[in-house]
Amino acid sequence: MIAIVAADEQWGIGRAGQLQRPISEDLKRFKALTLGKVIIYGRKTLATYPGQKPLPGRENFMLSRTVTDQTYDHDLRIFTSLEDLLAACEAEKKAGRKEEDFIVVGGAAVYRLLLPYTNEVMLTRLETELPADAYFPNLEEKSFVLVEKSESRMDGELSYHYEFWRREEEKR
């Protein structure tokens, strides 16, 4: 699995159920990286999507202990347990999907739960600290190494860059 996340310098990813600071270029990048893939997220993340509907052009898997209605939306598969979600991912792999076709996109609880199954993280690093009440795990403490870092970019007054992290094989 791969995780895609935008985080500030202290690993903050959201506040009051929203991204800390949406970046237009980064949202376009997110779309390009996730089209045709299986995206995995929780109920609170779904609530941030336009119309609170699954994102088009992707297979949407939602992990939720509270939403169990499978008729929620025909483009959304709902799983009430980690075991059921992982079994569905394995079934998708047997049907031809690759490991990199599964992308965890949030929120904080889903990232924490699936990080042990994640091999790579595509991080948009906001070069500041912003108010946050949701956090991504600190990858430096989780057996990941920084493989690549882009040059800084600007979005208005906000500077940010992209980082690519990979799990250290010997610590798995």
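Here is a short report on the structure shown in this document. (Residues numbered from 1 in each chain as written. Predicted model: local features only at pLDDT ≥ 70, side-chain atom pairs only at ≥ 80, totals over all residues. Heavy atoms only, no water.)

Moving on: the pairing of strand β4 (residues 38-42). Most of β4 sits out of view: five of its five residues are buried. Where β4 and strand β5 (residues 59-63) come together, five bridges link them in parallel fashion. Residue pairing for β5: tyrosine 41 is matched across the bridge by methionine 62. Judged from the four bridges that link them, β4 and strand β7 (residues 102-106) form a sheet pairing that is parallel. Its bridge partner being in β7, tyrosine 41 is matched across the sheet by glycine 106. (Buried < 20%, exposed > 50% of the residue type's maximum accessible area, 1.4 Å probe, protein only. Helix = DSSP H or I, 4+ residues; strand = E, 2+ residues; numbered from the N terminus. Pairing = 2+ DSSP bridges.)

Attention now goes to the side chain of serine 64. Take serine 64: it is sitting in the loop between β5 and β6 (76-79). Beyond its immediate stretch of four places on either side in the chain, serine 64 contacts Arg43, Phe79 and Thr80. (Contact = heavy atoms within 4.5 Å.)

Reported here for the largest pocket is a volume of approximately 1,400 Å³. Around the largest pocket, the lining is made up of 48 residues, and of these Thr45, Thr48, Val105, Gly106 and Gly107 lie nearest the centre. Secondary structure elements with two or more residues in the lining of the largest pocket: β1 (2-7), β2 (12-15), β3 (18-19), α1 (24-34), α2 (43-46), β7, α4 (108-114) and β8 (120-126). The residue makeup of the lining of the largest pocket, split by class, is 24 nonpolar, 14 polar and 10 charged. (1 Å grid on protein atoms, 1.4 Å probe; cavity = no way out; pocket = protein on both sides within 12 Å on 5 of 7 lines; lining within 4 Å. Points joined across faces, edges and corners; volume = space filled by probe spheres on them. Nonpolar A, V, L, I, M, F, W, Y, C, P; charged D, E, K, R; others polar.)

Further remarks concern the packing of aromatic side chains. Throughout the structure, instances matching the rule amount to six aromatic pairs. Ring centres of tryptophan 11 and tryptophan 165 lie 6.1 Å apart, and the angle between their planes is 65°; this geometry places the pair in the edge-to-face category. You can see tryptophan 11 sitting in the loop between β1 and β2 and its partner tryptophan 165 sitting in strand β12 (residues 158-167), a full 154 residues away along the chain. A residue is classified by how much of its surface remains accessible, and tryptophan 11, at 7% relative accessible area, is buried. Using a relative accessible area of 3% as the deciding quantity, one classes tryptophan 165 as buried. Counting every residue linked through ring pairs, the aromatic cluster contains Trp11, Tyr111, Phe136 and Trp165. (Phe/Tyr/Trp six-rings, centres within 6.5 Å; stacked < 30°, edge-to-face > 60°.)

In this section: the nonpolar core. Most often, soluble globular proteins keep nonpolar side chains buried together rather than apart. The biggest cluster of nonpolar side chains holds 29 residues, and the ones touching the most others in it are Ile40, Leu85, Val121 and Phe136. Those elements that provide at least two residues to this core are β1, β4, β5, α3 (82-94), β7, α4 and β8. Excluding residues within four positions of it along the chain, isoleucine 40 makes contact with Met1, Phe61, Leu85, Cys89, Phe102, Ile103, Val104, Val105, Gly106, Val110 and Leu114. Listed in part, the 16 residues of the second largest apolar core include Ile2, Ile103, Met122 and Phe164. (Core = buried A, V, L, I, M, F, W, Y, C linked by side-chain atoms within 4.5 Å.)

Glancing now at the sheet that holds β2. The three strands are arranged β3-β2-β9 in an open sheet whose pairing can be described as antiparallel. The sheet is open, and its two edges are formed by β3 and β9 (134-135), each paired on a single side. The pairing of β2 with β9 spans two bridges and is classified as antiparallel. The residue bridging glycine 14 from the neighbouring strand is alanine 134, located in β9.

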